[in-house]
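Structural features, examined
Given next are the chains, with one letter for each unit.
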Amino acid sequence: NSYIKPTTEPKGQVWPGKASYLTNYPRLNTKGLSSVTIDNTQNNSDIFVKLKSLAGNAGKIVRVFYIPAFGKFKVSTVNAGIYDIRYRDLASGKYARSDPLTLEEIVTSTGRKYSNTTLTIYKVANGNMEMHSLSEANF
């Protein structure tokens, strides 16, 4: 494989030293109670990740973040809705996306129920979510 991890993210900032949001990208859909944790602890590759809302015709990227090899990151205060995770494996250069995730907020007599979803990224094909190859254009 001739792919080499770039020293900076696409907008020119150096990759963070730990799992975190990338600066210079918008943080949208931040009024909800749901969360999505991306667990990269089973993977020896750093990943560049986008949380995409699938609402509307084109959808939109609502969070952009980085997770080093063997790390994890929790995306909090996410609005209810349907999303997917798109990521680039920074060791191979390959892109992938998850199946759609539905985040719900339901008002009950005792308060609100909301989604706390964990998605585990595996190098091998036995992950808890099916991952689909993705082109760079669709990332």
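Relevant structure appears above.
The structure contained in this document is the topic of the report that follows.

Rules behind the numbers
- Residues numbered from 1 in each chain as written.
- Predicted model: local features only at pLDDT ≥ 70, side-chain atom pairs only at ≥ 80, totals over all residues.
- Heavy atoms only, no water.
- Core = buried A, V, L, I, M, F, W, Y, C linked by side-chain atoms within 4.5 Å.
- Buried < 20%, exposed > 50% of the residue type's maximum accessible area, 1.4 Å probe, protein only.
- Helix = DSSP H or I, 4+ residues; strand = E, 2+ residues; numbered from the N terminus.
- Contact = heavy atoms within 4.5 Å.
- Salt bridge = Lys/Arg side-chain N within 4 Å of Asp/Glu carboxyl O.
- Polar contact = N/O pair within 3.5 Å; in protein donor to acceptor, adjacent residues only side chain to side chain.
- Pairing = 2+ DSSP bridges.
- Axes fitted to C-alpha atoms, helices over the stretch in contact; angles between N-to-C directions.

**A short note on the nonpolar core**
I38, L51, F65, I67 and I85 are the most contacted members of the largest nonpolar core, which has 21 residues in total. The set of elements that each furnish at least two residues to this core consists of β2 (34-39), β3 (47-53), β4 (60-67), β5 (72-78), β6 (81-89) and β8 (101-103). Excluding residues within four positions of it along the chain, I85 makes contact with V36, I38, V49, K50, L51, A96, R97, S98, L101 and L119.

**Some points on the pattern of salt bridges**
Summed over the entire model, instances satisfying the criterion amount to 3 salt bridges. Put simply, K5 and D46 hold a salt bridge, and the shortest N to O gap is 2.6 Å. With K5 in the segment before β1 (20-21) and D46 in the loop between β2 and β3, this pair connects stretches of sequence that are 41 residues apart. Of the residues examined, K5 reaches a relative accessible area of 29% and is grouped as partly exposed. Residue D46 is classed as buried on the basis of its relative accessible area, which comes to 17%. Of the charged contacts in the structure, one is a salt bridge between R112 and E105, with a shortest N-O distance of 3.5 Å.

**A closer look at the side chain of D46**
Separated by 2.9 Å, the side chains of D46 and Y66 make a polar contact. For D46, the residues in contact, after removing those within four places along its chain, are K5, Y66, I67, P68, A69, R88, D89, L90 and A91.

**Here we look at unusual backbone geometry**
Phi angles above zero are rare outside glycine, and N24 is one such case at about 75°. In this fold, N24 is placed in the loop between β1 and β2. N24 sits in the partly exposed class, given a relative accessible area of 45%. Although it is not a glycine, F70 adopts a positive phi angle of roughly 65°. Checked against the element boundaries, F70 lands in the loop between β4 and β5.

**Focus: the sheet that holds β2**
Strand pairing in a sheet takes place through backbone hydrogen bonds and is either antiparallel or parallel in direction. Spatial ordering of the open sheet is given by β5-β2-β11, a layout of 3 strands whose pairing is mixed. Because the sheet does not close on itself, it has two edges, and the strands there are β5 and β11 (116-120). Each neighbouring strand pair of the sheet contributes to a mean axis angle of 15°, computed without reference to strand direction. As defined by bridge partners, β2 adjoins β5 across 5 bridges and the pair is classed as antiparallel. Paired with D39 across the strands is K72, a residue of β5.

Fair warning: the whole summary comes from geometry, so function is off the table for now.
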